[in-house]
Amino acid sequence: MIPYGRQDIQQADIDEVIAVLQSDFLTQGPVVPQFEQALAAYVDASFGVAMNSATSALHAACLALELGSGDWLWTTATTFVASANCGLYCGAQVDFVDIDPTTFNLSIDALTAKLATAERDGCLPKILVVVHLCGQPCDMQAIDSLAKRYKFRVIEDASHAVGAKYNLADDAYVGNCAYSDITIFSFHPVKIITTGEGGMAMTNQPELHERLQLFRSHGITRDAALFTDKSPAHGSWYYEQQELGFNYRMTELQAALGLSQLNRLSGYIEQRQAIATHYAEQFSGYPLQLQQGYKGVYSSYHLYVVCLQNKSAAQHKAIFEELREQGIGVNLHYTPVYLQPYYRKLGFREGYCPNAEAYAHSAISLPMFPTLTGAEQDTVITTLLQRL
Ligand SMILES: *Cc1c(COP(=O)(O)O)cnc(C)c1O
């Protein structure tokens, strides 16, 4: 089976992880801060806070932004469940914005309309989680102007988009937080670089940096400058738990793997771009809809999604199953989150976001990873085109 994605582990990665195993620290040592600083420098953010997953980082980000009961978190309908679940973890209510049928990302028009209605009804969101689906950045300037007008905070779920650029000409990397409060990356093996499990929250705001660190580690600080009790009587053992935090820490082994993988990030994106270009060339003229981006954008191509045109949901399913039978590990990213049984229990129903539902009846994620060979890719292309 040619999978839709897979990790690339090289000898250098293995050597770095072994070096950590032979060192003094398996956790809470020097390598996690090195990884944080290296990735922050790479994407031009002030701070990075590494965690044991992007899901943990999304939760900590919502807590850092003081999301709680009575608040609303909005996200796009077409995403992984974690982009929405982080709101529920905090006791907030979650709502969904429909997608744009050409970019597959959250629709700016749908968001604009929904905000106007919410303002009238007094239920504006506190946080919007935007998702750069497949690695294709959203229009953050448009989102930022809405955030300023309606006073909500912005988290970028960039689980797909490490190494992507909002603007190729300016070298503006996703994660620079120019138009958001916090950006989240994932290092799950199927994503662009991996730490086994892992994630990182990027921010430019010192206060959010402190709060992210607090929630990552039990709500505890050992920084005397941050103590609420300034009594000089405290010994050097003294620390304070100031929030109800978690153990969301990344290990040193994971950080060593991440640092080593980071050395190859730009090469990975170039390989993914080349694979995407070949797909697009071969698919031109066929009834396949490809993901569009705005002018100047540079996708990281975590995923390569095609939407079948003029096919019924039943035909989509049949083609999907045939591709799998032929050894092509296609996938679907994603069914609208609100159609999951857990969200249906909250009252969501079919018809809520029509574009996201139509997308889920036509989308297919094709194999996309740096070590995909030319022969494998051509097999994927001919197998798909024969079925259109
Ligand atoms: C993978 C993914 C996550 C969760 O990442 P983990 O590191 O596995 O927790 C969150 N959001 C999106 C969009 C993802 O694709």
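Structure: see above.
The following refers to the structure shown. (Residues numbered from 1 in each chain as written. Predicted model: local features only at pLDDT ≥ 70, side-chain atom pairs only at ≥ 80, totals over all residues. Heavy atoms only, no water.)

Below, the discussion takes up empty space enclosed by the protein. A water-sized probe, rolled over the atoms, reveals where empty space remains. Summed over all chains, the structure comprises one cavity of 30 Å³ or more. Roughly 30 Å³ of volume is contained in the largest cavity. Lining the largest cavity, in full, are R6, Q7, D8, I192, Y268, R272 and P370. Of the residues in the lining of the largest cavity, the class split is three nonpolar, one polar and three charged. (1 Å grid on protein atoms, 1.4 Å probe; cavity = no way out; pocket = protein on both sides within 12 Å on 5 of 7 lines; lining within 4 Å. Points joined across faces, edges and corners; volume = space filled by probe spheres on them. Nonpolar A, V, L, I, M, F, W, Y, C, P; charged D, E, K, R; others polar.)

Residues of helix α6 (residues 140–150) that are buried: M140, A142, I143, D144, L146, A147 and Y150. Where α6 is buried, its residues contact α5 (108–121), β4 (127–131), β5 (153–157) and β6 (165–167). A side-chain oxygen of the first residue of α6 lies 3.3 Å from the backbone nitrogen of Q141; this N-cap is D139. (Buried < 20%, exposed > 50% of the residue type's maximum accessible area, 1.4 Å probe, protein only. Helix = DSSP H or I, 4+ residues; strand = E, 2+ residues; numbered from the N terminus. Contact = heavy atoms within 4.5 Å. Polar contact = N/O pair within 3.5 Å; in protein donor to acceptor, adjacent residues only side chain to side chain.)

Turning our eyes to something else, we now look at the side chain of D8. Along the chain, the position of D8 falls in the segment before α1 (11–21). Residue classification places D8 among the buried positions, given a relative accessible area of 14%. A polar contact of 3.0 Å, which involves the side chain of D8, links it to the side chain of Q10. Within the structure, D8 has its side chain in polar contact with the side chain of Y268 (distance 2.7 Å). In contact with D8, other than residues within four places in its own chain, are D13, Q261, R264, Y268 and T371.

On the surface, a cluster of nonpolar side chains totalling about 410 Å² of accessible area is made up of I9, I14, I18, L21 and L26. Along the polypeptide, I9 turns up in the segment before α1. (Patch = residues over 30% accessible without salt bridge, like charges linked within 9 Å, V, L, I, M, F, W, Y side chains within 5 Å. Areas by Shrake-Rupley, 256 points an atom, 1.4 Å probe, with all protein chains shown as cover. Salt bridge = Lys/Arg side-chain N within 4 Å of Asp/Glu carboxyl O.)

A few words on the environment of Q309. With respect to the helices, strands and loops of the structure, Q309 is situated in the loop between β13 (304–308) and α10 (313–325). With residues near it in sequence (within four places) discarded, Q309 still touches Y286, P287, L288 and Q289. Within the structure, Q309 has its side chain in polar contact with the backbone nitrogen of L288 (distance 3.4 Å).

In this section: the sheet that holds β4. Sheets are built from strands that pair by backbone hydrogen bonding, the pairs being arranged parallel or antiparallel. The seven strands lie next to each other as β1-β9-β8-β5-β4-β2-β3, forming an open sheet whose pairing is mixed. Edge positions in the sheet fall to β1 (47–51) and β3 (93–97), since each of these pairs with one other strand and no more. On average, adjacent strands in this sheet sit at an angle of 20 degrees to one another, irrespective of strand direction. As judged from the three bridges shared by strand β2 (residues 72–76) and β4, these two strands associate in the parallel manner. Bridge assignment links T75 to a residue of β4, and that residue is V129. Contacts from α6 reach β4 and β5, with the element oriented near 155 degrees to β5. (Pairing = 2+ DSSP bridges. Axes fitted to C-alpha atoms, helices over the stretch in contact; angles between N-to-C directions.)

Below, the discussion takes up unusual backbone geometry. In this structure, the amide linkage connecting H333 to the following residue, Y334, adopts the cis form with an omega of 10 degrees. By the secondary structure assignment, Y334 is in the loop between α10 and α11 (341–344). The backbone of C134 sits at a positive phi, close to 70 degrees, despite the residue not being glycine. Exposure remark for C134: the relative accessible area of 0% places this residue in the buried category.

What follows deals with the sheet that holds β13. Overall, antiparallel pairing links the three strands, which are arranged β12-β13-β14 in an open sheet. Since the sheet does not close on itself, it has two edges, and those belong to β12 (288–290) and β14 (363–366), each with one partner. The average undirected angle you get between the axes of adjacent strands in this sheet is 35 degrees. Bridge count between β13 and β14: four bridges; the pairing is antiparallel. Across the sheet, residue C307 finds its bridge partner in β14, namely A363. Strands in contact with α10 are β13 and β14; relative to β14, the strand with the most contacts, it is inclined by about 15 degrees.

Next up on the list: the site of the ligand. The environment of the ligand is formed by 14 residues, the closest being T55, D157, H160, S186 and K191. Between S159 and the ligand, the recorded distance is 3.4 Å, taken from a side-chain N or O atom to a nitrogen atom. Between an oxygen atom of the ligand and a side-chain N or O atom of K191, the distance comes to 3.0 Å. In the complex, the protein chains occlude 92% of the 380 Å² of accessible area that the ligand would expose alone. Because more than half of its atoms lie within 2 Å of the grid, the ligand is assigned to the second largest pocket. Mapped by element, the contributors of at least two residues to the shell around the ligand are α3 (54–64) and α4 (82–89). When its residues are assigned to classes, the shell around the ligand shows four nonpolar, eight polar and two charged. (Near = heavy atom within 4 Å. Sits in = over half its atoms within 2 Å of the grid points.)

What follows is about the nonpolar core. Counting residues in each nonpolar core, the largest one holds 50 residues, and the members touching the most others are F96, I155, I182, I184 and L212. Considering every element that reaches this core, the biggest residue donor is α3, with eight residues. Among residues more than four places away in sequence, those in contact with F96 are T75, T76, A77, A84, K114, V337, Y338, Y343, F348, Y352 and C353. Counting residues in each nonpolar core, the second largest holds 48 residues, with A172, C177, F185 and L265 among its members. (Core = buried A, V, L, I, M, F, W, Y, C linked by side-chain atoms within 4.5 Å.)

Within β3, four of the five residues are buried, which leaves it mostly tucked inside the rest of the structure. Of the strand pairs in this sheet, β2 and β3 are connected by five bridges, and their pairing is parallel. In the sheet register, W72 faces β3, and the bridge partner there is Q93.

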